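The chain contents come next:
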Amino acid sequence: MENETKLSIYRAARSIKRKDNTLYSALRSIYEDSIFVGEISQLWPQLPLVANLRCGLWYSSKFHSTCYFKSTDGHTNNWSFNTSRLNFHIALLSGQKGGCIIVDSTRRGKRFPDSMSKTIPIWTCVLNRSVSNYLNKLRVSDAGSLVERELDSGQNSADWDCSLHLPLWVSEIEKAVIEDRLEGWTKDLDESGADIAALASCLKKPLRPLWISQRTVIWINEVPDYDSWDFTPIMLVSASSTTGVAQHRTTSEFSWNYIPGAGDDEESWARGLSPNLFWNHAYDLISSVPDLCNQKVADIVEKDRVYRAQRGQNAPQVTAKPSVSRSSPHLPCLNPQLCSDLSNMNISSSEEECGIFWIGSTNLGLATSQVAEHASHVDCVLNCDQRSISICLPEAEAYLHLPIVNSKFDRFSLFNNLPSAVSFAKLNLAKGRKLLICCHDGEDISVCVCLAILISLFDYEGSFDDGKSFSETCVTKTEMRRRLVYICKYAIKARPSRGNLKQVFGFLNSGKVA
């Protein structure tokens, strides 16, 4: 009897939560928080606005670029500086523009996500230390020219701030433990092959994080000029309100429940709606009656699906499973393969205008399958998406389709297909052809396939050698990280998953490479 009572209370609590956290409440919360993001952006309009994927992408209709800092890299006792997620393009962008504004959000109970409290501060500190080491080496090797260059650029390696700057709510004990690991992380960065020289040439002042939330007080008539600071600001904007109490807000027409960090975990509530689709129809969705919101979203998603299908693009049917509680159908679980389509989001960085990221002079390119379908100046295509694409190529042998699935669904799918991928690449690259590798999002599977090809068929300088260098060496994790950093230098959207990278490492050391 007691267990039944506890179960009933649990079900009732879950039912109330589902009723409060409706789709309309989530979208309205995002819209309200986006107003705050817009206000902060207008205070420093010269600084580029950057979305921290994937939650941050919901909070503005237009971003200059995106980044990927994981909160798990900042969790207590799990601190990490990951060269697989180096976000080097953000450091270069900040150096060129004098700083940047990064947008993210978090659920109730925290002012800032751990990605902003610790992951990004660790990242800025490690980059600063690496730049300082580079400047010091130049000072020793060529003191005269360095002094002249420092006078011209305003850099001074002796005064370069290498301190770890954390927010006040991070304890001194935790800070001390993180500081003990900085030297090792800096060494990892120096050995990763990252172009620290390029960063040092464009970064005139050391990077430093600043934290801004809805509780931050900024006097409008006394907004500081970021050029006046002795550092390059990385402004970390937490979009959501930090109140710990559930807020039931009302307008003249209807009421709704405010959800902090509503953009998080979009698969559980968005019903196939992407940030791009939301901002294309934001006024219609926000001004509509909450009870009609679900149907409006369904109509928008279906129209977009039909639009894509008519043009031969990837257009999976949105299917919603019945909710556990019949009394609350607001937030059904979605098919896990459905995720927001970020490829159409309005990102203004010049690298993404053509949609293809060419990896140096290797003749290897990365793109989404949607972009590959309309690509020109491409000799051959290696398609790793689950769906085949139609593309006009000089000969039929110039196209290979390997339907590879994510490691979450098949731990050996990538591993089993890599021999065919490398053989196809070897055949075409030996003829001097330009090879485009694509997958659904152009961020994970295609990047891992490109990594395997780069290590198997290219030397350390990035020149095609038909596998000679690979046959003479044993691939280590350090070497694999160096090659991945090289790819990420050009493919700034690369986000390879740990499971897929493990398959690449296993393949390279399995003897299956032709």
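Engineer: Is there a simple way to think about the overall build of the protein in this case?
Structural biologist: The secondary structure content of the protein amounts to 16 helices and twelve strands. Classification of the 514 residues of the protein by burial places 51% in the buried group. In the protein, 74% of the contacts between residues at least 6 apart in sequence involve partners at least 24 apart. As presented, the protein carries roughly 24400 Å² of accessible surface, and 50% of it is formed by carbon and sulfur atoms.

Engineer: Just to check I follow, could you spell out empty space enclosed by the protein for this structure?
Structural biologist: Tallied over the full model, the rule gives four cavities of 30 Å³ or more. For the largest cavity, the calculated volume is near 180 Å³. If you go around the largest cavity, you meet 17 residues; those closest to its centre are N87, H89, I492, K493 and A494. Within the lining of the largest cavity, the residues separate by chemical class into nine nonpolar, four polar and four charged. Of the voids in this model, the second largest cavity is the one considered here, and its volume is about 90 Å³. Taken together, Y68, F69, K70, D73, S80, F81, N82, R85, L86, N87, T119 and W123 make up the lining of the second largest cavity.

Engineer: Is there a simple way to think about the packing of aromatic side chains in this case?
Structural biologist: Here a ring pair, both rings aromatic, is described through the centre-centre distance and the interplanar angle of the planes. If you walk through the whole model with that rule in mind, you get ten aromatic pairs. Plain terms: the ring middles of Y486 and Y490 are 5.4 Å apart, the flat faces sit at 75° to each other, and that makes the pair edge-to-face. Linking Y486 with Y490, this pair stays in helix α15 (residues 477-490), spanning four residues, or about one helical turn. The rings of Y31, W58, W269, F278 and W279 are connected pair by pair, giving a single aromatic cluster. Across from the ring centre of F231, 5.2 Å away, lies the NZ or CZ of R208, which sits over that ring.

Engineer: Help me out: how do you make sense of a positive patch on the surface in this one?
Structural biologist: Taken together, the side chains of R411, K477, R481, R498 and K502 present a region of like positive charge at the surface. Among the secondary structure elements, those contributing two or more residues to the positive patch are α15 and α16 (498-508). Along the chain, R481 falls in helix α15.

Engineer: Can you walk me through helix α13 (residues 445-457) in this structure?
Structural biologist: For α13, spanning 13 residues, the distance from its first C-alpha to its last is 18 Å, which sits close to the expected 18 Å at 1.5 Å a residue. Counting buried positions over the 13 residues of α13 gives 13, a clear majority of the element.

Engineer: For this particular structure, what's the right way to read the sheet that holds strand β8 (residues 357-358)?
Structural biologist: Backbone-to-backbone hydrogen bonds join strands into a sheet, with any given pair of strands oriented parallel or antiparallel. Judged by pairing direction, the sheet is mixed, and its five strands sit side by side in the order β8-β9-β12-β10-β11 without closing on themselves. Of all the strands in the sheet, just β8 and β11 (399-401) have a single pairing partner and so form its edges. Running over the sheet, α13 touches β9 (364-368), β10 (380-383) and β12 (435-439) and is turned about 145° from β12.

Engineer: Sorry if this is basic, but what is going on with the nonpolar core here?
Structural biologist: Side chains of nonpolar character tend, in soluble globular proteins, to be buried together. Judged by nonpolar contacts, the single largest core of 57 residues is most densely connected at L364, L382, L435, I437, V449 and I453. Listing elements by their share of this core, those giving two or more residues are β9, β10, α12 (413-429), β12, α13, α15 and α16. The dominant element in this core, judged by the number of residues it contributes, is α13, at eleven residues. Those residues in contact with I453 that sit more than four places away from it in its chain are L364, L382, A421, V422, A425, L429, L435, I437 and F458. Of all hydrophobic cores here, the second largest spans 45 residues; its members include L49, L57, V237 and A282.

Rules and cut-offs
The written sequence of each chain sets the order in which its residues are numbered from 1. pLDDT decides what is reported in this predicted model: residues at 70 or higher carry local features, side-chain atom pairs at 80 or more are listed and counted, and totals for whole chains, interfaces and linings draw on all residues regardless. Side-chain descriptors were evaluated using all non-hydrogen atoms of the structure, hydrogens and water having been removed beforehand. A run of H or I in DSSP counts as a helix once it spans at least four residues, and a run of E counts as a strand once it spans at least two, with each numbered from the N terminus. Burial status follows relative accessibility: with a 1.4 Å probe on protein chains alone, a residue under 20% of its type maximum counts as buried, one over 50% as exposed, and anything between as partly exposed. Two residues qualify as a contact provided that any one of their heavy atoms is within 4.5 Å of a heavy atom in the partner residue. Accessible areas in this description were obtained via Shrake-Rupley with a 1.4 Å probe; residue shielding takes into account the shown protein chains only. A pocket here means an open set of points on a 1 Å grid, computed over the protein atoms alone, that has protein on both sides within 12 Å along at least five of seven lines. A cavity is instead a set of points where a 1.4 Å probe fits but cannot get out; residues with an atom within 4 Å of a point line either one. Grid points are joined across faces, edges and corners, and a volume is the space filled by probe spheres set on the points. All amino acids are sorted into three groups, where Ala, Val, Leu, Ile, Met, Phe, Trp, Tyr, Cys and Pro are nonpolar, Asp, Glu, Lys and Arg are charged, and the leftover types, Gly among them, are polar. Only Phe, Tyr and Trp rings are paired, with Trp represented by its six-membered ring, and only when their centres lie within 6.5 Å; those with planes under 30 degrees apart are stacked, over 60 edge-to-face, the remainder tilted. We call a charge positioned above a ring when the Lys NZ or Arg CZ atom is no farther than 6 Å from the ring centre and deviates by at most 35 degrees from the ring normal. Each patch groups residues whose relative accessible area exceeds 30% and which form no salt bridge, using 9 Å between like charges and 5 Å between nonpolar side chains of Val, Leu, Ile, Met, Phe, Trp and Tyr. The term salt bridge refers to a side-chain nitrogen of Lys or Arg lying within 4 Å of a carboxyl oxygen of Asp or Glu. Only four residue types enter the tally: Lys and Arg on the positive side, Asp and Glu on the negative side; His and the chain ends are excluded. One atom stands in for each charge, and that atom is NZ of Lys, CZ of Arg, CG of Asp or CD of Glu. Expected span, for any helix, means 1.5 Å times one less than how many residues it has. Any two strands with at least two DSSP bridges between them are considered paired. Comment: axis = line fitted to C-alpha atoms, over the contacting stretch for helices; angle = value between 0 and 180 degrees taken between N-to-C directions. Grouping buried Ala, Val, Leu, Ile, Met, Phe, Trp, Tyr and Cys residues that are joined through side-chain atoms within 4.5 Å yields what is termed a nonpolar core.

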